Amino acid sequence: MEGNSDAGGDLPVMLPAPVKIKRVYDSLNSAERKAAEFVLQNPKSVVEMGIAEVARAAGCSTATLSRFARRIGYENYREFRTALEPTSEPGGGGFYPDVQPSDDYGDILRKVFQSSVRTIEHTLAAIDVDEYRRVLEALSSASRVVFFAIGDAAAVAHAGCYKFARIGYQTSYSSDPDVSLVTGSLLRRGDMAVGISHSGQTTTVIRALKQSKKAGATTVAITNFPLSPIVRIADHVLLTAAFAESSTGELMAHRVAQLCVLEALWVGVLQKRRGSLKELLSYIDESLRVNKE
């Protein structure tokens, strides 16, 4: 779903090879996983070795390596190996390492910020612009949009709910399984349901989207993994590309990417409906003024 071909020359159009591997890792067979694990652990060595050498070191066949390269979007193994060559991006295109005990305060700040910056850049490359356009067109003609999420993603859903409420949409969000199902069942054709799940495997969100789709609403998934269960349910998918990991739990970078996706949808609606929304925005701003006095 890398579709930025018409997005302009100043946009990143290719995801780094390690990110592509991580996106589809869970869908690989055992032999392909051997190849993936060896490549992720030894990218520099893979660039310098021949395909037969890599196959022996990884414990798989050369045919598996060729198939693996095609699975993650390359024409052949040679193109894949070229993509692994070092670039001008710090760290060779990977995400920042975990903060170390020896890091000073400046190191901590830099690593946290770099995580979000690189996640946003990779997410921009991962989103299919045509899919974004289709979602935006459906959203622009909708009068109601609801959000489904749990855990940390609930904060993202809440932010989306607030933004679209400010421009006149009937909107809500819930992380409660029963309320989510009820909300989804009450949607109608022309409404939109947005499910937010980093893993794409959140059962509560998937069930709510299923119910919304059954009721006739357009369903959208914001997720990190293009082969996850939520993708098979949603009418439209907007992909993030957040793979930084932490032993203490999910990183803020995951949510920053999701927030940017929602922000892009909100700004797109403002652009498409700027004529009809101008008076409403002025009215809302005036209504909110009382809380700022």
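See the structure above.
Residues numbered from 1 in each chain as written. Predicted model: local features only at pLDDT ≥ 70, side-chain atom pairs only at ≥ 80, totals over all residues. Heavy atoms only, no water.

**Student:** Explain the sheet that holds strand β5 (residues 236-239) to me, please; I cannot follow it from the model alone.
**Tutor:** The strands making up a sheet are joined through hydrogen bonds of the backbone, oriented either antiparallel or parallel. Taken together, five strands build an open sheet; the order of strands is β2-β1-β3-β4-β5 and the sheet is parallel. Unpaired on one side and paired on the other, β2 (170-174) and β5 mark the two borders of the sheet. This sheet shows a mean twist of 15 degrees between the axes of neighbouring strands, independent of strand direction. Bridge count between strand β1 (residues 144-148) and β2: five bridges; the pairing is parallel. Along β2, the bridge assignment pairs valine 146 with serine 172. (Pairing = 2+ DSSP bridges. Helix = DSSP H or I, 4+ residues; strand = E, 2+ residues; numbered from the N terminus. Axes fitted to C-alpha atoms, helices over the stretch in contact; angles between N-to-C directions.)

**Student:** Hey, could you run me through the packing of aromatic side chains in this one?
**Tutor:** Here a ring pair, both rings aromatic, is described through the centre-centre distance and the interplanar angle of the planes. Taken as a whole, this structure holds five aromatic pairs when the rule is applied. With centroids separated by 5.6 Å and ring planes inclined at 55 degrees, the aromatic side chains of tyrosine 74 and phenylalanine 80 adopt a geometry described as tilted. For the pair shown, tyrosine 74 and phenylalanine 80 are each scored as buried. Taken together, the ring pairs connect Phe68, Tyr74, Tyr77 and Phe80 into an aromatic cluster. Its guanidinium or amino end placed over the ring of tryptophan 266, lysine 163 lies 3.8 Å from that ring's centre, counting from NZ or CZ. (Phe/Tyr/Trp six-rings, centres within 6.5 Å; stacked < 30°, edge-to-face > 60°. Buried < 20%, exposed > 50% of the residue type's maximum accessible area, 1.4 Å probe, protein only. Lys NZ or Arg CZ within 6 Å of the ring centre and 35° of its normal.)

**Student:** For this particular structure, what's the right way to read the environment of threonine 171?
**Tutor:** The residue threonine 171 is located in strand β2 in this model. When the C-alpha positions of threonine 171 and serine 143 are compared, they lie 8.6 Å apart, and in sequence the two are 28 residues distant. Dropping the residues within four chain positions of it, threonine 171 is found in contact with Val145, Phe147, Cys161, Phe164 and Ala165. Polar contacts involving the side chain of threonine 171 include one to the main-chain carbonyl oxygen of valine 145, which spans 2.7 Å. (Contact = heavy atoms within 4.5 Å. Polar contact = N/O pair within 3.5 Å; in protein donor to acceptor, adjacent residues only side chain to side chain.)

**Student:** Looking at this structure, how should I read the pattern of salt bridges?
**Tutor:** Side-chain pairs of opposite charge can arise whenever the charged atoms involved come near each other. Taken as a whole, this structure holds eight salt bridges when the rule is applied. A salt bridge links aspartate 103 to lysine 111; its shortest N-O distance comes to 2.7 Å. Across this residue pair, the class does not change: aspartate 103 and lysine 111 are buried. Ionic pairing is found between lysine 213 and aspartate 235, a salt bridge with its closest N-O pair at 3.3 Å. (Salt bridge = Lys/Arg side-chain N within 4 Å of Asp/Glu carboxyl O.)

**Student:** Where do I start with empty space enclosed by the protein in this structure?
**Tutor:** Where empty space is left can be seen by rolling a probe of water-molecule size over the atoms. For the structure shown, the criterion picks out one cavity of 30 Å³ or more. What the largest cavity holds in volume is close to 30 Å³. Lining the largest cavity we find Leu139, Val145, Phe147, Phe164, Met192, Val194, Leu262 and Leu265. For the lining of the largest cavity, the secondary structure elements donating two or more residues are β1, β3 (192-197) and α13 (252-272). Partitioned by chemical class, the residues of the lining of the largest cavity number eight nonpolar, no polar and no charged. (1 Å grid on protein atoms, 1.4 Å probe; cavity = no way out; pocket = protein on both sides within 12 Å on 5 of 7 lines; lining within 4 Å. Points joined across faces, edges and corners; volume = space filled by probe spheres on them. Nonpolar A, V, L, I, M, F, W, Y, C, P; charged D, E, K, R; others polar.)

**Student:** How do you make sense of the side chain of serine 212 when you look at a structure like this?
**Tutor:** Within the element layout of this structure, serine 212 appears in helix α11 (residues 203-215). When near neighbours in sequence (up to four residues on either side) are disregarded, serine 212 contacts Phe148, Gly184, Leu187, Ala193, Ala217 and Thr219.

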